[in-house]
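Examination of the molecular architecture
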Amino acid sequence: MEQPGVGRINSNENENASEKKKMSEEFESNTIMESLIDMPLATLDIKEEFGITDVAHKNKESSKGNEQVRKDKRKKRKKKDYQPNYFLSIPITNKEITTGIKKLQNAIIEQDKRLAKTMSRDGSFHITLLVMQLLNEDEVNIGIDTLLELKPLIEEILQGKHLTLPFQGVDTFESQVGFVKLEEGDHIKQLLEIAEVAKRTFQEKGILAGEDRSYNPHLTFMKLSKASWLRKKGVKKINPKLYEKFINHRFGEEMVYRIDLCSMLKEKQSNGYYHCDSSVVIGELEGSSSTVLQRYRKDIHSWPRATRFQMLP
């Protein structure tokens, strides 16, 4: 026999549980936002490294299935609060490239030892594909699922071929960030297309992603903001004479075989690379060179466990 009021009690319990979950998610999001806002130097450093401007792009076109997701997120935070804390990374692991960058860094340090603190660790070398904001575990999980959905879209762009990135020469962003340049060629067009598809795919999931300036793929090797005290010592710009011998230096080629979803703020791995929540392998490894296969087998042990199970051939 049904007891009077039981349905109402259960309904109240469900409402209370739903409200608690909502409050918990809002608290988690607010906590992360507060931590981002309270870290001005870290935020400046992140913006310089990842080329971030203050305004996020939102995809105006939306499907009915994703509309409610976006509405919920707009209630939680406004565009003005956009502070990217995750990014899609193409890791640079070719020893020829990383060794060349270390020689470049050492040549600069020999001329000015104070600049040692401005150098990027060799384990962290990467190309940023897209920046985004993921404020809680649910959003990180959406990011992981979206990266998996992105894999066949990227492979469709590449049409069964590998994407190879040749690096040659050195330049700076406003004399503040030193980077190794990509050579001109069709590979840049493909990389730009992949970046655009990635941005659109993540935005369609209601994720704040991208930024105002046009995408400019680059390989950072130093940032003056890593040693802000240098300004007091009179070091306000990267002097071109420091890297003039490497202006046309050919660093080597990187075959893109992996894209990672990484955190900007979480503790880095022991090898210097960023905390990685998920990865996808791009293309078929069977047709890759033995060097690429060796890097794949070595790197896969540092991937998240769930990713290893998904991606192992």
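Scope of this entry: the structure provided in the associated data block. One numbering rule holds for all chains: residues counted from 1, following each sequence as written. Reporting of local features is limited, given that this is a predicted model, to residues whose pLDDT is at least 70; pairs of side-chain atoms are given and counted only at 80 or more, and all residues count toward the totals for whole chains, interfaces and linings. Side-chain measures were taken over the full set of non-hydrogen atoms in the model, leaving aside hydrogen atoms and water.

Structural notes on the sheet that holds strand β5 (residues 208–209)
A pair of strands counts as paired when DSSP detects no fewer than two bridges linking them. For the purposes of this entry, the term helix denotes a DSSP run of H or I that reaches at least four residues, the term strand denotes a run of E that reaches at least two, and both are numbered from the N terminus. Pairing within the open sheet is antiparallel, and its five strands lie in the order β5-β2-β1-β8-β9. Only two strands of the sheet have a single partner each, and these edge strands are β5 and β9 (276–281). Across six bridges, the pairing between strand β1 (residues 86–91) and strand β2 (residues 126–133) is antiparallel. Counted as the bridge partner of I90 is I127 from β2. Each of β1, β2, β8 (258–263) and β9 touches helix α5 (residues 137–158); the most contacted strand, β9, lies at about 15° to it. With respect to the sheet, helix α6 (residues 186–204) is in contact with β1, β2 and β5, its orientation differing from that of β2 by roughly 20°. It only takes one pair of heavy atoms within 4.5 Å for two residues to be counted as in contact. Helix axes are fitted only over the stretch in contact, all axes being lines through C-alpha atoms; the angle between N-to-C directions runs from 0 to 180 degrees.

Notes on the sheet that holds strand β4 (residues 177–182)
In spatial order, the strands read β6-β4-β3-β7; together these four strands make up an open sheet with antiparallel pairing. Every other strand in the sheet has two partners, leaving β6 (219–223) and β7 (250–256) as the edge strands with one partner each. Each neighbouring strand pair of the sheet contributes to a mean axis angle of 35°, computed without reference to strand direction. Pairing of strand β3 (residues 163–173) with β7 involves six bridges; the strand directions are antiparallel. If you follow T164 over to β7, its bridge partner there is M255. Taken strand by strand, helix α4 (residues 95–111) contacts β3, β4, β6 and β7, and its axis lies near 140° from that of β7.

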